[in-house]
Amino acid sequence: MSRGAGVLTFFVLLLAAGCGSEKKAEEGSAEKECDSAPAAMAGQPALPAKFPTPDSVTYTGQKKTGPSSVVSGYRDGELADAFDAYKSAFDSAGYQVTDDEKEEDDAEVNFSGGSSTGQVKMIQSCKDRTSLAITIRPQ
Amino acid sequence: MRTPAAAVALVVVALAVACGGSKSKGTITIVVDAPFSRSPYIGDTIANGVRLAADQLNAQGISAGGKPYRIRVVRLDNGLSPARAVTDTRQALRRHAVAILTDGTGVDATWRLANQKHLPLCITYQGGTGLVDPKARPNVFRIAPTDHGLAFRLAEYMVPKSLKIAQLTDDSDYGQAGRAALDDAFRTVSKSVVVRITLPSSASDLAPQVLQARRSGATALLVWALPAVLAKTVVAARSAGWHVPVYATPTAEDPVLRQQLADHPSWLDGLTFASGRMTAELGSGPWSTFEAAYESAFGATYVGVKSRGRRVISPPDYAMYSYDCANLIAAAVQQAKGADAKKVLAALNQVSTHGANGDERGFNEINHEGVVDDDVYFARFGNMIFQPVKDDPLSSTLPVINQVR
């Protein structure tokens, strides 16, 4: 097939994909009522030096994955607030936000600092709660 | 006489419009410097991604600062030689290229030359840790999984399985960069590695090295090597009756591996490799759109083997990276209101686009990496095609990409 036909196909499929993504938004979990919150972990997770914890964050566990670790938790409130809170907190703590992305139901803030790199992954799991998975890699 | 006069006037006006239109159109030259002769799969993948982006942008029309532009793509073959990459960079400068897209060959030698004229380099294959440094190398960008990300994700995936790992890296630049990245990733979990072996890439038989790994008590092979070397490693292990699990890097996707194991497809079963995710959180829609456009333009990349009687294709995942990089360059030209190299380079730190898989792509002044470590996933071969694994949190959420036609 010619490249011209390829370009035409691209735009047709782009329209189709656009319709598909709308469906995903309708099925988002941000409108669901929340069940009871997971229990907080005993003690505090091992975080890099000066790693920020924004207000309303509860840590529920920490798992070692080889050289790295993953801290799980949640923040009361909506995704957009959690996203802004982490970006601002990293800034205040002297960490660098190397990359960030926010979509309708999930967001990521990638960071560097405290002799580590990693990512805060946020998913709005229900109406007033955003679940957190913080991956920390030693630098 | 009125009719001939009107006809002449019409022709004159038409010519003036045509010539005027042609003269006023600027050219955005993007050079693709890739190993077309030595690694045609990599070279063509990178070039096709750029070509597709250019065709789409040219079709929809691109203007900057009120002036229409046309994107021209120039292919130069670096043959995996840094010296040739330097020659190609000089040629790109002579052609007033607005950017060079490269697999990464010779960037240690070419970035400085390019930076003298503010020419951006965008790496879309190699992940070497030192290649990209926004402070020291302000003109070098990358959209491809980094060695750091691949190595850490492999360590995160393998170490919890309590494997005794034989770390095999070949003696190519690719393998040696991988060795450095693995050493860093396994630094704090070094007990998981029972032996580190260098594979001679020119050797026809790697039985001695595989035997050394076996005698070390290894229960898994982690191979960071060129595709042909990876194939020879698998052959050496399986032909000796050793069914050790094998883990690898994105070179496992290269058709060469499957072609060299075509006589023993079952030897490839279970091989697990790390690579950049093809689809984003948005779902598979954008990826499918990109893949369909790619195949319409260039045809599917047939691997040369079959799976359950159907022809196996290689998904254009690395073409996605060069496609995204070309779109970012076009966005930077638009932001810079023209093809002035210095302004385009500055704009590359500010623009972002929606990538082929729907993810946002962009750089900033402190980060010139377009693929984050957490976007590395794992796939496992079965019947000559691969699928995301189920025992990794990210991979288990990813859709299976159709690889047969």
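**Q** Sorry if this is basic, but what is going on with the overall build of chain A here?
**A** Within chain A, the secondary structure is distributed over two helices and six strands. Relative to its full complement of 139 residues, chain A shows a buried share of 43%. By sequence separation, contacts in chain A at least 24 residues apart represent 47% of the contacts at least 6 residues apart. When the accessible area of chain A is evaluated, it comes to approximately 7,000 Å², of which 51% is carbon and sulfur surface.

**Q** Which parts of the structure should I look at to understand the sheet that holds strand E3 (residues 67–77) of chain B?
**A** Each strand in a sheet pairs with its neighbour through backbone hydrogen bonds, running either in the same direction (parallel) or in the opposite one (antiparallel). Residue and element names in this part refer to chain B. Spatial ordering of the open sheet is given by E2-E3-E1-E4-E5-E6, a layout of six strands whose pairing is mixed. Both outer strands of the open sheet, strand E2 (62–64) and strand E6 (140–142), are each paired with one neighbouring strand and no more. Taken pair by pair, the neighbouring strands of this sheet meet at an average axis angle of 35°, ignoring direction. As judged from the four bridges shared by strand E1 (residues 26–34) and strand E4 (residues 99–102), these two strands associate in the parallel manner. Looking at E4, one finds that Val-32 is bridged to Leu-101. Packed onto the sheet, helix H2 (residues 40–60) meets E1, E2, E3 and E4 and runs at close to 165° relative to E3. Contacts from helix H4 (residues 107–116) reach E4, strand E5 (121–123) and E6, with the element oriented near 155° to E5.

**Q** Would you explain the nonpolar core in this entry?
**A** In a soluble, globular protein the nonpolar side chains are often hidden away together inside. Residues and elements named next belong to chain B. Formed by 98 residues in total, the largest nonpolar core has its most connected members in Ile-30, Ile-71, Leu-221, Leu-230, Leu-271 and Phe-290. It is helix H11 (residues 317–335) that provides the largest number of residues to this core, a total of 13 residues. Ranked by size, the runner-up nonpolar core spans 25 residues in total, among them Ala-151, Ala-155, Leu-222 and Val-376.

**Q** Before we go on, may I ask you to explain H2(B) in this structure?
**A** Because the α-helix completes a turn every 3.6 residues, residues three or four places apart line up on one side. All names here are of chain B. For H2, built from 21 residues, the straight-helix expectation of 30 Å at 1.5 Å per residue is met to within 8% by its first-to-last C-alpha distance of 30 Å. Burial analysis of H2 places 17 of its 21 residues in the buried class, the great majority of the element. Looking one or two residues past H2, Gly-61 carries a phi angle of roughly 90°, positive in sign.

**Q** How should the pattern of salt bridges be read in this particular structure?
**A** When charged atoms on two side chains of opposite charge get close, those side chains can pair. Summed over the entire model, instances satisfying the criterion amount to 22 salt bridges over all chains. The partner of Glu33(A) in a salt bridge is Lys127(A), and the shortest N-O contact between them spans 3.3 Å. Residue Glu33(A) is found in the loop between helix H1 (3–26) and strand E1 (57–65), and its partner Lys127(A) is found in the loop between strand E5 (116–126) and strand E6 (129–138); the two are separated by 94 residues along the sequence. Residue Glu33(A) is classed as exposed on the basis of its relative accessible area of 58%. A relative accessible area of 33% places Lys127(A) in the partly exposed class. The salt bridge partner of Arg153(B) is Asp392(B), with a shortest N-O separation of 3.0 Å. Placement of the pair is Arg153(B) in helix H5 (residues 147–158) and Asp392(B) in the segment after strand E17 (385–388), with a sequence separation of 239 residues. In this structure, Arg153(B) and Asp392(B) share a single accessibility class: buried. Each of Glu108(A), Lys121(A), Arg277(B), Glu281(B) and Asp375(B) takes part in a single network of salt bridges with overlapping partners.

Here is what the cut-offs are and how they apply
Residues numbered from 1 in each chain as written. Chains lettered and ligands numbered in written order. Predicted model: local features only at pLDDT ≥ 70, side-chain atom pairs only at ≥ 80, totals over all residues. Heavy atoms only, no water. Helix = DSSP H or I, 4+ residues; strand = E, 2+ residues; numbered from the N terminus. Buried < 20%, exposed > 50% of the residue type's maximum accessible area, 1.4 Å probe, protein only. Contact = heavy atoms within 4.5 Å. Areas by Shrake-Rupley, 256 points an atom, 1.4 Å probe, with all protein chains shown as cover. Pairing = 2+ DSSP bridges. Axes fitted to C-alpha atoms, helices over the stretch in contact; angles between N-to-C directions. Core = buried A, V, L, I, M, F, W, Y, C linked by side-chain atoms within 4.5 Å. Expected span 1.5 Å × (residues − 1). Salt bridge = Lys/Arg side-chain N within 4 Å of Asp/Glu carboxyl O.

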